[in-house]
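Residue strings, one per chain:
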Amino acid sequence: MMIYEHGTLVTVDAQRRVITDGAMAVENGRFVAIDKSHVLHERFPNEPRTDLKGRIVTPGLINTHVHLAQAMIRGCAEDMELLDWLGKRVWVLQGNYTEEDGRASAELCILEMLKSGTTAFVESMLAERYGFDGIAEVVLRSGIRAVLAKIVMDIGTYATKDSWMHPGMIEDRETSLRNTLAMHDKWNGAGNGRLRVWFGPRTPGGVTPELYREISALARQRNMGITVHLAEVQADRLFLQEKYGKTPAQFAEDVGLVGPNVLLVHAVWMDEDDIAILARTQTNVSHNPVSNAKLASGIAPIPEMLAAGVNVALGTDGGPSNNTYDMVRDMRWASYIHKARTLNPLVMPAETVLEMATIHGAKAIGLEKEIGSLEVGKQADFVVFDLDKPHLTPHMDAVSTLVSAATGADVDMVVIGGQVVVRDGHVLTMDEERVLREARERAAAVWKRAGIEWKPRWPVL
Ligand SMILES: [Zn+2]
């Protein structure tokens, strides 16, 4: 057993209690007691203890939209249109990945996520060429909790544009479907349940309605989740209207992409009727405010979704679209961007945003009974923030300080399932220096193989 004491605990429990001078007792990977420090001191006087004085503790952050392979191509496509961004840079680089590149990029990404307080994530579309096995092994070794959604597709284009997709990124229906099931058989539940395998079908335009329906049926049979990008840009909405005469949520419902086991990503171009469908079907949404802003995709109607009762979680998206995987930074965006759009400072208060990054994320991956809050009986996944810094001083309110002022660099300790994975800001399960060195070397080699030359807009001497 370990007692973590004297911290400010932002529990996100049912009563949303914040416990000052609080303590948590952790045994066999789970919380066995959470209370004021003096109470736990009387109950467990002789157990080993860790002092969290002057620190804020939150549940582990849950990043519901990640592309692991894009960490190594961070910043590869700055200030570009989405179709050029994808067709001329992102897919060309990713289409030149080897399995070793896929593994190295996953290591870089997970290293960054752990250091910035993410304890669980959803990888949305692992392609065959990134090497599923190698990435699953990285997840297990690192100590993080993951949903790895494997790509499924049967059309090698993006929406109405022909031949945009790099040949290295195209997979056929049989292989992509069969191998998703094979990876589910092999890895789902590994690492004491830390790793789970889902379907990650491509966006409408990359998958036929028939294949979506088949995925939906298989997911029900196998109790699997599905995550899919939907209505990210206006062109996605127009495409569905022209091709199928449906709005994004109508289409999703028609092909079986709704329900508590479905996590729709972006959902920017959704109207009131779409939102009503998501609410009625209990479909989850991953909100990616930074990616949507950077790629000029738009601002998702998140306050409207929350008002309608939709479960909305938070995600960063990938290296070229964000460019970091720092959930703490993105909480601030999720709070501010909607105030600017609605001209209403009361929408998206800090508490709502922290819920999105924790308990809503847990619900979005079907784990709200296991993670997402500091509660007795749950897995001991938590993050400790060091507040002894100028930009966090003074801190009257723990939650607004985190959302409005902190960044992932303020994370001091991360514990996942009772295992200390980050201590004093250092990841204990990975060789940080080796991961960075290898990512730099492999990134340079991928650019070279892809035949893309880096052309900065300002003269570089
Ligand atoms: Zn994405």
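If you're wondering where the values come from, they're calculated on a predicted model, not measured in any experiment. (Residues numbered from 1 in each chain as written. Predicted model: local features only at pLDDT ≥ 70, side-chain atom pairs only at ≥ 80, totals over all residues.)

Let's talk about the pairing of strand β3 (residues 30-36)
Working step 1: For strand β2 (residues 18-27) and β3, the ladder comprises six bridges, and the chain directions are antiparallel. When the bridges of β3 are listed, M24 appears paired with I34.
Working step 2: The antiparallel pairing of β2 with β3 creates a hairpin that spans two residues between the two strands, and N28 there sits at a positive phi of about 50 degrees. (Pairing = 2+ DSSP bridges. Helix = DSSP H or I, 4+ residues; strand = E, 2+ residues; numbered from the N terminus.)

Quick word on the domain arrangement of the protein
Working step 1: Under the domain assignment used here, the protein contains domain 1 (2-59 + 378-427) and domain 2 (61-364).
Working step 2: Averaged C-alpha coordinates put domain 1 and domain 2 at centres separated by 29 Å.
Working step 3: Counting residues at the interface gives 22 residues for domain 1, matched by 27 residues for domain 2.
Working step 4: Looking at the side of domain 1 that touches domain 2, the elements that each hand over two or more residues are β5 (55-59), α15 (398-404), β15 (411-416) and β16 (419-423).
Working step 5: If you tally residues by element for the side of domain 1 that touches domain 2, the top one is α15, at five residues.
Working step 6: For the side of domain 1 that touches domain 2, the residue count by class is 13 nonpolar, eight polar and one charged. (Domains from an automatic or database assignment. Contact = placed C-beta atoms within 7 Å. Nonpolar A, V, L, I, M, F, W, Y, C, P; charged D, E, K, R; others polar.)

Observations concerning the packing of helix α3 (residues 99-115) against helix α4 (residues 132-142)
Working note: a packed helix pair is described by the angle between its axes plus the distance between those axes.
Working step 1: Running from N to C, α3 and α4 cross one another at 25 degrees; their axes reach a closest spacing of 9 Å. In terms of orientation, α3 and α4 fall into the roughly parallel class. In the crossing of α3 with α4, the sense of the turn from one axis to the other is right-handed. For the pair α3 and α4, contact is made by E99, G102, R103, A106, E107, I110 and L114 and by G134, I135, V138 and S142, respectively. (Axes fitted to C-alpha atoms, helices over the stretch in contact; angles between N-to-C directions. Parallel < 35°, antiparallel > 145°, perpendicular 65-115°, else oblique. Left-handed = near helix turned anticlockwise from the far one by under 90°.)

Structural notes on the pairing of strand β9 (residues 195-201)
Working step 1: Within β9, seven of the seven residues are buried, which leaves the element mostly enclosed by the surrounding structure.
Working step 2: In the sheet, strand β8 (residues 145-152) pairs with β9 via seven bridges, with the strands oriented parallel. What sits directly across from V147, in β9, is R196. (Buried ≥ 20, exposed ≤ 12 C-beta atoms within 10 Å, placed from the backbone.)

Remarks on helix α7 (residues 234-244)
Working step 1: Of all the positions in α7, only D236, R237, F239 and L240 are classed as buried. Considered in projection along α7, the buried side chains sweep an arc of 160 degrees and stay on one side of the axis. Pointing more than 90 degrees away from the buried face of α7 are the exposed residues Q234 and E242.
Working step 2: Those residues of α7 that are buried lie in contact with α8 (248-254).
Working step 3: The first or second residue beyond α7 is G245, which carries a positive phi of 65 degrees. (Arc of directions from axis to C-beta.)

Describing the packing of α3 against helix α16 (residues 432-450)
Working step 1: Contact geometry of α3 with α16 gives a least axis separation of 9 Å together with a crossing angle of 130 degrees. Classified by the angle between their axes, α3 and α16 sit oblique to one another. As α3 runs across α16, the sense of the crossing is left-handed. Mapping the contact onto sequence places D101, A104, S105, E107, L108 and L111 in α3 and E432, V435, E438, A439, R442 and V446 in α16.

Details of the environment of I359
Working step 1: Following the sequence through the fold, I359 ends up in helix α14 (residues 359-364).
Working step 2: The class of I359 is buried, set by 23 C-beta atoms lying within 10 Å.
Working step 3: It is 6.1 Å that separates the C-alpha atoms of I359 and S373, two residues lying 14 residues apart in sequence.

A few points about unusual backbone geometry
Working step 1: Following N322, the chain continues to N323 via a peptide bond in cis, the omega torsion being 10 degrees.
Working step 2: Here N323 is to be found in the loop between β13 (312-314) and α12 (327-342).
Working step 3: The amide bond that connects T393 to the next residue, P394, takes the cis arrangement and shows omega of -5 degrees.
Working step 4: Tracing the chain through its elements places P394 in the loop between β14 (382-386) and α15.
Working step 5: For D317, which is not a glycine, the phi torsion comes out positive at approximately 70 degrees.
Working step 6: Within the secondary structure, D317 is located in the loop between β13 and α12.

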